[in-house]
Amino acid sequence: MAPHSRTAKARPAEQDIASAQRVLTLEADGLKALADSLNGEFAGAVDILAHVKGRIIVTGMGKSGHIGRKIAATLASTGSPAFFVHPGEASHGDLGMVTQEDAILALSNSGETAELSDIIAYTRRFSIKLISITSRAASTLAEAADISLVLPNAQEACPLGLAPTTSTTMTLALGDCLSVALLERRGFSASDFKEFHPGGSLGNQLMKVKDLMHTGDALPLVSLNTAMGETLLEMTAKHFGCVAVVDDTRKLLGIITDGDLRRNMTDDLICKKAESVMTVGAKTIGANALAVEALAIMNDKSITSLFVLNEDGTVDGVLHIHDCLRAGIA
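Predicted model only: the values in this text are computed from it and were never measured.

What counts, and where the lines are drawn
Residues numbered from 1 in each chain as written. Predicted model: local features only at pLDDT ≥ 70, side-chain atom pairs only at ≥ 80, totals over all residues. Heavy atoms only, no water. Helix = DSSP H or I, 4+ residues; strand = E, 2+ residues; numbered from the N terminus. Rg over C-alpha atoms; globule rule 2.2 N^0.38 Å. Buried < 20%, exposed > 50% of the residue type's maximum accessible area, 1.4 Å probe, protein only. Pairing = 2+ DSSP bridges. Axes fitted to C-alpha atoms, helices over the stretch in contact; angles between N-to-C directions. Contact = heavy atoms within 4.5 Å. Expected span 1.5 Å × (residues − 1). Phe/Tyr/Trp six-rings, centres within 6.5 Å; stacked < 30°, edge-to-face > 60°. Parallel < 35°, antiparallel > 145°, perpendicular 65-115°, else oblique. Left-handed = near helix turned anticlockwise from the far one by under 90°. Nonpolar A, V, L, I, M, F, W, Y, C, P; charged D, E, K, R; others polar. Polar contact = N/O pair within 3.5 Å; in protein donor to acceptor, adjacent residues only side chain to side chain.

Colleague: Explain the overall build of the chain here, please?
Modeller: Helices and strands together make up the secondary structure of the chain, namely 15 helices and eleven strands. Against the compact-globule benchmark of 20 Å for 330 residues, the chain has a radius of gyration of 30 Å, which places it well outside the compact range. C-alpha extents for the chain along the principal axes are approximately 90 × 60 × 35 Å. The 330 residues of the chain split such that 43% are buried.

Colleague: Quick question: what am I supposed to make of the sheet that holds strand β5 (residues 147-150) here?
Modeller: One key point about sheets: their strands pair by backbone hydrogen bonds, in either a parallel or an antiparallel sense. Read from one edge to the other, the open sheet built from five strands follows the order β2-β1-β3-β4-β5, with strand pairing classed as parallel. For this open sheet the edge positions go to β2 (82-84) and β5, each flanked by a neighbour on one side alone. Ignoring which end each strand starts from, the neighbouring axes of this sheet average 20° apart. Sheet topology places strand β3 (residues 103-107) next to strand β4 (residues 129-134); five bridges connect them, and they run parallel. Its bridge partner being in β4, Leu105 is matched across the sheet by Ile131. Helix α3 (residues 63-77) rests against β1 (56-60), β2 and β3 of the sheet, and its axis sits at about 160° to β2. Along the sheet face, helix α5 (residues 117-125) touches β1, β3 and β4 and points at about 145° away from the line of β4.

Colleague: It is not clear to me how α3 should be interpreted in this structure. Could you clarify?
Modeller: Side chains three or four residues apart in an α-helix point the same way, a direct result of the helix having 3.6 residues per turn. When the terminal C-alpha atoms of α3 are compared, their 22 Å separation across 15 residues agrees well with the 21 Å that a helix rising 1.5 Å per residue should span. Among the residues of α3, those classed as buried are Ser64, Gly65, Ile67, Gly68, Ile71, Ala72, Thr74, Leu75 and Ser77. Following α3 by one or two positions, Gly79 has its phi on the positive side, about 95°.

Colleague: What exactly am I supposed to notice about the packing of aromatic side chains here?
Modeller: Aromatic ring pairs are described here by two measures, namely the spacing of the ring centres and the angle between the planes. For the coordinates displayed, the defined rule picks out one aromatic pair. Between Tyr122 and Phe126, the aromatic rings sit 4.9 Å apart at their centres with planes inclined by 55°, giving tilted as the arrangement.

Colleague: Before we go on, may I ask you to explain the packing of helix α1 (residues 13-37) against helix α7 (residues 166-186) in this structure?
Modeller: A packed helix pair is summarised by two numbers, namely the angle formed by the two axes and the spacing between the axes. The interhelical angle for the contact between α1 and α7, taken along N-to-C directions, is 45°, at an axis separation of 9 Å. Overall, the two elements α1 and α7 adopt an arrangement that is oblique. Crossing of α1 against α7: the hand is right-handed. Contact residues: Leu26, Glu27, Gly30, Leu31 and Leu34 in α1; Thr166, Thr169, Met170, Ala173 and Leu174 in α7. Residues belonging to the contact of α1 with α7 are distributed by class as follows: six nonpolar, three polar and one charged.

Colleague: Would you mind showing me how to read the side chain of Thr134 here?
Modeller: With respect to the helices and strands, Thr134 occurs in strand β4. Within the structure, the side chain of Thr134 is placed 3.1 Å from the backbone oxygen of Asn109, a separation counted as a polar contact. Leaving out residues up to four positions away in the same chain, Thr134 has contacts with Ser108, Asn109, Ser110, Gly111, Ser139, Ala142, Ser148, Leu149, Val150 and Leu151.

Colleague: Teacher, can you tell me more about the environment of Asp248 here?
Modeller: By the secondary structure assignment, Asp248 is in the loop between β7 (242-246) and β8 (252-257). C-alpha separation for the pair Asp248 and Ala181, spaced 67 residues apart in sequence, amounts to 49 Å.

Colleague: I would appreciate a short explanation of the sheet that holds β7 in the present structure.
Modeller: Judged by pairing direction, the sheet is mixed, and its three strands sit side by side in the order β6-β7-β8 without closing on themselves. At either end of the open sheet lies a strand with only one pairing partner, and these are β6 (221-223) and β8. When strand polarity is set aside, the average angle formed by the axes of neighbouring strands in this sheet is 35°. Across three bridges, β6 lies against β7 in parallel orientation. Residue pairing across strands places Leu221 opposite Ala244, the latter belonging to β7.

Colleague: Would you explain the environment of Glu184 in this entry?
Modeller: By the element assignment, Glu184 lies in helix α7. The class for Glu184 is exposed, based on a relative accessible area of 59%. Expressed as a C-alpha distance, the spacing of Glu184 and Thr78, which sit 106 residues apart in the sequence, is 9.6 Å.

Below is the structure:
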């Protein structure tokens with residue numbers, strides 16, 4: 001009978017839970033051992049990767065290859081140009097992708113993966129920096145590398161000790177360590193992150209106020225001496241439920257909202273000037289702030305609009321809560 005056709009034996013749920021807990025404990029122990037083992041070799045690897053003029057090329061076979069693809073993706077998305085090259089494909093032409101400006105990050109638990117031999121030889125022939133991640137310091141890969149990051153001795157979570165589990169978790173985590181260290185070295189910011197993640201909910205959360213705000217003729221603006229009759233027409237025409245009261249330079253002096261109208265609802269409201277109805281010291285925001293931050297302010301203050309100010313206090317735009325919701329920011 002083929003292995004995949006065997007019928008699984010029924011057992012109590014407690015045993016399955018205990019199995020999962022054992023796996024997590026063993027892998028957590030491996031990560032703790034990895035954290036304790038980091039030394040100058042790790043710093044040396046970061047230094048090499050930080051000074052690469054070309055790309056970081058990640059390679060590995062089998063499970064290491066799957067982990068390598070994720071590491072390459074994380075590096076690329078955090079500001080370190082990187083891609084994955086399959087070692088088998090490298091031996092059949094893809095070595096042409098590798099230049100002397102690049103660096104190789106090679107993954108192999110044993111350090112003896114035969115398929116990596118051509119890549120190793122290529123890096124030595126053309127003086128391309130080679131960093132290895134392996135569990136054996138005395139392996140062919142580790143000894144050939146410029147920097148070898150050696151995983152600590154840790155028990156695989158597989159009860160047979162055969163399936164890569166703890167070792168692949170440590171390798172994946174070490175890739176994250178390299179990515180984050182490089183991110184911090186480069187001063188990679190949230191706005192930089194957004195440039196590499198323009199789509200989906202992550203891109204939405206990193207949108208800035210300036211990406212959504214209304215400007216120019218769409219702004220609801222009146223002066224201190226504008227009659228409330230005209231002010232009401234401006235509020236109605238611009239559809240934000242508020243107006244900004246500004247001086248001749250467009251510096252914000254106050255705002256008038258629907259709430260201000262209700263608080264001043266008297267027979268002579270139409271005859272009043274904007275100055276006598278406006279609220280001073282309204283909450284505002286800058287154009288470079290994240291839109292999610294603006295939404296948080298509006299929710300916290302129970303308001304539906306925020307005026308956007310320049311550094312000199314002049315009105316740059318206005319943002320409505322519906323703009324945030326339409327953009328998928330919640």
